Amino acid sequence: MKIVIIGPGALGSLFAAGLAARADNDVWLLDHDAERAARINGKLLLTVGEQEFCRLVSATADAARIGPADLVLLCVKSRDVAAGINAAQPLFTPTTILITFQNGISHLDTLAQMKLPVQPAIGVTAMGATLKAPGHVCHGGRGLTRIGFLSRVAREKEKQLDRVADLFSQADMPTERVGNILDFVWAKLLVNVGINALTVIYDCANGELLVRKEAMGKLIAAVLEGQAVARAMGIAVPADPVSQTLAICEATARNISSMLQDVRRRRPTEIGAINGALLGKAEGLGIDAPVNRELVRRVRMIEAGYLRTAPHGFCPDRL
Ligand code: KPL
C-alpha cells in the first residue's frame, strides 16, 4: 500500500514509523521544506522506551515525485490544512483515502469550504509522540485512535476505512472506525479547551493546573462553557467532561501541552482552532463564554509578544 503522511511533525512521524514497520507498505513523508525532507529521506528514527528502530521512509517536498497514493494522512496544524491539501494534489485519485488529524475544530470549517479531491475522513488520536529532531520521534504512550466520515459515504468507502483501521491496529496503533466521529472531535476539544491555554497562562505542566486553585476554577468553567455549546449544537459529548478533563490532566501530569510547547518555541499557537473556534460557535449561538474569551485574549497577548519580535512569518521549525 502506498501511504503518504503530510507533515513530519511528532504525530506524522509516529504514524510513518509505525506503518513503515510492514515491508509491504511504501511509506512517504511529504514536507513543505525540501531541505528538511532531504535530511529525513530514507531513515526515520523511532524511540520506544529504551529501544531504537530505524524505519525506511522516503521524504520529499514534491508530491508529483510520489504520485497517486492509496492512503493520505494529513498531519499538519489546523492553519496549514488548505495549503497541505493543495500541495498534495498529485497524490489523489477517486479511490484515495484521506484522513485528517488536527487539534480543535477549525479545520472542519476549512475542509467544508474547500473543493476537495475526495471526501475526507476525520481522525482523533490519543497516541502520544514527541519529536526529538526532524526524522527522530519518541513514542509517548499508546492511546486509541478513532477515524470516521462526517457524513454518509458509499459502503465501499466505509470498508476501505475499516481496512485502514486494521492496518493501524496491526502496526500497534489501536484504531477504530466510528460512525460518530464529530462527538469524539468535540470530546477531545473540551479537554484541550480546559488544559492547553491555561498551561500557557500559568506556564506550567498539565498536572500543575490541578494544584492551583485559580487555574482549576478556570479549567472547570471553560469546559462547562464548551459543554453548553456542544449541547446546543446537538453534539453528544461525555456526560461529565470536567471529570474527563481532570483525569487527562492527571494522566498527563508531567506533559508540557502542545500549546505551551508552541509558545516555548515561539511558534504561533492553536488557540484560534481550540478556544477561539469554540468562542466563535458560542457567539453564533448567542451563548456567553466569558472564560474562553478571556483565555483567548490572554494567549493571543502572549503570542503577540514573541511573534512581534520575530521576522515576519518567521517560524523556526514549522511543521
Ligand atoms: O492533547 C493535549 C495537548 O497537549 O495538546 C493534552 C491532552 C492536553 C496533553 O498534553
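Residues numbered from 1 in each chain as written. Predicted model: local features only at pLDDT ≥ 70, side-chain atom pairs only at ≥ 80, totals over all residues. Heavy atoms only, no water.

J.: Summarise the site of the ligand; cite the residues concerned and give the values.
T.: Every residue near the ligand is listed here: Asn 192, Ile 195, Asn 196, Asn 206, Ile 248, Asn 255, Ser 257 and Ser 258. Between the ligand and the protein, one listed contact pairs an oxygen atom with a side-chain N or O atom of Asn 192 at 3.0 Å. Contacts to the ligand include Ser 258, whose side-chain N or O atom sits 2.6 Å from an oxygen atom. A per-element tally of the shell around the ligand places helix 7 (residues 181-201) first, with three residues. Its residues placed into classes, the shell around the ligand shows two nonpolar, six polar and no charged. (Near = heavy atom within 4 Å. Polar contact = N/O pair within 3.5 Å; in protein donor to acceptor, adjacent residues only side chain to side chain. Helix = DSSP H or I, 4+ residues; strand = E, 2+ residues; numbered from the N terminus. Nonpolar A, V, L, I, M, F, W, Y, C, P; charged D, E, K, R; others polar.)

J.: Quick one: what's the story with the pairing of strand 10 (residues 136-139), residue by residue and with numbers?
T.: Sheet topology note: the strand 3 (residues 44-48)/strand 10 ladder contains three bridges and is parallel. The residue bridging Thr 47 from the neighbouring strand is Cys 138, located in strand 10. As defined by bridge partners, strand 9 (residues 129-133) adjoins strand 10 across four bridges and the pair is classed as antiparallel. The residue of strand 10 that forms the bridge with Ala 129 is His 139. The antiparallel pairing of strand 9 with strand 10 creates a hairpin that spans two residues between the two strands, and Gly 135 there sits at a positive phi of about 85°. (Pairing = 2+ DSSP bridges.)

J.: Outline the sheet that holds strand 10, supporting the account with residue identities and numerical values.
T.: With mixed pairing, four strands are arranged side by side in an open sheet as 4-3-10-9. Every interior strand has two partners, whereas the edge strands, strand 4 (51-55) and strand 9, have only one. Recorded for the sheet is a direction-independent mean angle of 25° between the axes of neighbouring strands. Lying on the sheet, helix 1 (residues 10-19) is in contact with strand 3, strand 4, strand 9 and strand 10; it crosses strand 9 at an angle near 95°. (Axes fitted to C-alpha atoms, helices over the stretch in contact; angles between N-to-C directions. Contact = heavy atoms within 4.5 Å.)

J.: Go over the environment of Asp 26 with me, naming the residues and quoting the values.
T.: Within the secondary structure, Asp 26 sits in strand 2 (residues 26-30). The residues touching Asp 26, leaving out its near neighbours within four places in the chain, are Met 1, Lys 2 and Ile 3.

J.: Which residues make up helix 8 (residues 213-232), and what values do they have?
T.: If you check helix 8, its first and last C-alpha atoms are 29 Å apart, about what 20 residues at 1.5 Å a residue would give, namely 28 Å. For helix 8, the complete set of buried residues consists of Ala 215, Leu 219, Ala 222, Val 223, Glu 225, Gly 226, Gln 227, Val 229 and Ala 230. Buried residues in helix 8 make contact with helix 7, helix 9 (241-251), helix 11 (272-285) and helix 12 (290-309). Phi for Gly 234, located one or two positions after helix 8, is positive at around 75°. (Expected span 1.5 Å × (residues − 1). Buried < 20%, exposed > 50% of the residue type's maximum accessible area, 1.4 Å probe, protein only.)

J.: Explain the domain arrangement of the protein residue by residue, including any values.
T.: You can read the domains of the protein as domain 1 (2-179) and domain 2 (182-307). Placing a centre on the C-alpha atoms of domain 1 and another on those of domain 2 gives a separation of 25 Å. Counting residues at the interface gives 16 residues for domain 1, matched by 18 residues for domain 2. Counting the surface lost from both domain 1 and domain 2, the interface buries some 1,500 Å², and carbon and sulfur atoms represent 61% of this. Viewed at the interface, domain 2 and domain 1 are joined by two salt bridges. Here Asp 109 and Lys 281 are joined by a salt bridge, their closest N and O atoms 3.4 Å apart. Taken together, the elements giving at least two residues each to the side of domain 1 that touches domain 2 come down to helix 5 (106-113) and strand 8 (121-125). Residues belonging to the side of domain 1 that touches domain 2 are distributed by class as follows: seven nonpolar, five polar and four charged. (Domains from an automatic or database assignment. Buried area = accessible area lost by both parts, 1.4 Å probe. Salt bridge = Lys/Arg side-chain N within 4 Å of Asp/Glu carboxyl O.)

J.: Account for the pattern of salt bridges, with residues named and values stated.
T.: Counting across every chain of the model gives 15 salt bridges. Note that Asp 172 is salt-bridged to Arg 142, the shortest N-O span being 2.9 Å. Of this pair, Asp 172 sits in the loop between helix 6 (155-170) and strand 12 (175-177) while Arg 142 sits in the loop between strand 10 and strand 11 (145-149), and the two are 30 residues apart along the sequence. Between Arg 293 and Asp 288 there is a salt bridge, and its shortest N-O distance comes to 2.6 Å. By relative accessible area, Arg 293 is classed as partly exposed at 38%. Overlapping salt bridges, with partners in common, bring together Lys 77, Asp 262 and Arg 267 in one network.

J.: Before we move on, can you summarise the nonpolar core with the specific residues and values?
T.: In this structure, Ile 6, Leu 30, Ile 85, Leu 91, Trp 186 and Leu 209 are the most contacted members of the largest nonpolar core, which totals 64 residues. Ranked by residue count, the leading element in this core is helix 7, at 12 residues. Core analysis: the next-biggest nonpolar cluster, separate from the first, contains 36 residues, Ile 5, Leu 14, Val 27 and Ile 147 among them. (Core = buried A, V, L, I, M, F, W, Y, C linked by side-chain atoms within 4.5 Å.)

J.: Any details on the packing of helix 11 against helix 12? Residues and values, ideally.
T.: Between helix 11 and helix 12, the shortest axis-to-axis distance is 9 Å and the interhelical angle comes to 140°. Taken together, the axes of helix 11 and helix 12 lie oblique to each other. When the axes of helix 11 and helix 12 are compared, the crossing they make is left-handed. Two secondary-structure elements touch here, helix 11 through Gly 272, Asn 275, Gly 276, Leu 278, Leu 279 and Glu 283 and helix 12 through Asn 292, Arg 293, Leu 295, Val 296 and Arg 300. Considered class by class, the residues forming the contact of helix 11 with helix 12 number four nonpolar, four polar and three charged. (Parallel < 35°, antiparallel > 145°, perpendicular 65-115°, else oblique. Left-handed = near helix turned anticlockwise from the far one by under 90°.)

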